[in-house]
Amino acid sequence: MKEKPQHATITLERTYQAPLERVFSEFADPVARARWSAPSGDALIYAEVDFREGGRDVFRCGPKNDPKFHGVTSYHLIVPNQRVVSSETLDANGQLLAVALTTLESESAADGAHLRVTVQMVSLVGSGMFAGYEEGNKAALENLARHLNGDL
């Protein structure tokens, strides 16, 4: 690995016009999550799903015709309708690309539910990985809104 590790923190927020319990349940349901969390033109394929403290998801993602990225998400803390803390490793062709710590915070809002996603990460392949994570998470949050509205 020739790249020097680079670090970033990404924070995204979104309010949904749906009950907090409904929004949170979309993260816990792997079938629903696979439907809305991949950006347009991309695929998310779960090989293993275990959304519970101590559980983990194993997945592939990337362009629909070549989901070349492999990831493992480990769940460290799940407080229903409030918080999820997880870590993720992402690799391709046996090379570790990034490691991330993600905190999903949710709370009731006057018009539904408010989410804050904070991703603290290290990229081992340059700063372009940060843009990919940010764009992917933004797209997922937008897709979630469309899904909750029945448009996806």
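Below or above, wherever it landed, is the structure these notes cover.

1. So, the packing of aromatic side chains
The full count for this structure, using the stated rule, is 4 aromatic pairs. Centre to centre, the rings of F27 and W36 are 5.1 Å apart; their planes meet at 80°, and the pair counts as edge-to-face. Considering the side-chain rings of F51 and Y75, the 5.0 Å spacing of their centres and the 75° angle between planes classify their relative orientation as edge-to-face. In this pair, F51 sits in the loop between β2 (42–48) and β3 (56–63) while Y75 sits in strand β4 (residues 69–79), placing the two residues 24 residues apart along the sequence. Neither F51 nor Y75 differs from the other in exposure class; each is buried. Connected via pairs of aromatic rings, a cluster forms that spans F24, F51 and Y75.

2. Observations regarding the environment of E88
Relative to the elements of secondary structure, E88 occurs in strand β5 (residues 83–92). For the pair E88 and L101, spaced 13 residues apart in sequence, the C-alpha to C-alpha distance is 6.5 Å. In this structure the side chain of E88 is engaged in a polar contact, spanning 2.6 Å, whose partner is the side chain of Y133.

3. Considering the pattern of salt bridges
Following the criterion strictly, the structure yields 8 salt bridges and no others. As a salt-bridge pair, R33 and D57 come within 2.7 Å of each other at their nearest N and O atoms. With a gap of 24 residues between them, R33 in helix α2 (residues 30–36) and D57 in strand β3 connect regions that are remote in the sequence. Across the pair, D57 and R33 agree in class, each one buried.

4. Description of the sheet that holds strand β7 (residues 112–123)
Pairing within the open sheet is antiparallel, and its 7 strands lie in the order β1-β7-β6-β5-β4-β3-β2. With partners counted over all chains shown, the strands left at the sheet margins are β1 (6–16) and β2, one partner each. Strand-to-strand twist in this sheet, taken as the mean axis angle between neighbours without regard to direction, amounts to 20°. Summarising the sheet, β5 and strand β6 (residues 95–109) pair through 10 bridges and their orientation is antiparallel. Directly across from L90, in β6, lies its bridge partner A98. Contacts between helix α1 (residues 20–28) and the sheet are confined to β1, β4, β5, β6 and β7, with β6 contributing the most and set at about 165° to the helix.

5. Section: the nonpolar core
Core analysis: the biggest nonpolar cluster contains 38 residues, and Y16, V23, L115, M121, Y133 and L144 have the highest contact counts within it. It is helix α3 (residues 128–148) that provides the largest number of residues to this core, a total of 8 residues. Those residues in contact with V23 that sit more than four places away from it in its chain are Y16, A18, A113, L115, L144 and L148.

Rules used in this analysis
Residues numbered from 1 in each chain as written. Predicted model: local features only at pLDDT ≥ 70, side-chain atom pairs only at ≥ 80, totals over all residues. Heavy atoms only, no water. Phe/Tyr/Trp six-rings, centres within 6.5 Å; stacked < 30°, edge-to-face > 60°. Helix = DSSP H or I, 4+ residues; strand = E, 2+ residues; numbered from the N terminus. Buried < 20%, exposed > 50% of the residue type's maximum accessible area, 1.4 Å probe, protein only. Polar contact = N/O pair within 3.5 Å; in protein donor to acceptor, adjacent residues only side chain to side chain. Salt bridge = Lys/Arg side-chain N within 4 Å of Asp/Glu carboxyl O. Pairing = 2+ DSSP bridges. Axes fitted to C-alpha atoms, helices over the stretch in contact; angles between N-to-C directions. Contact = heavy atoms within 4.5 Å. Core = buried A, V, L, I, M, F, W, Y, C linked by side-chain atoms within 4.5 Å.

Shape is all these values report; function is a separate question.
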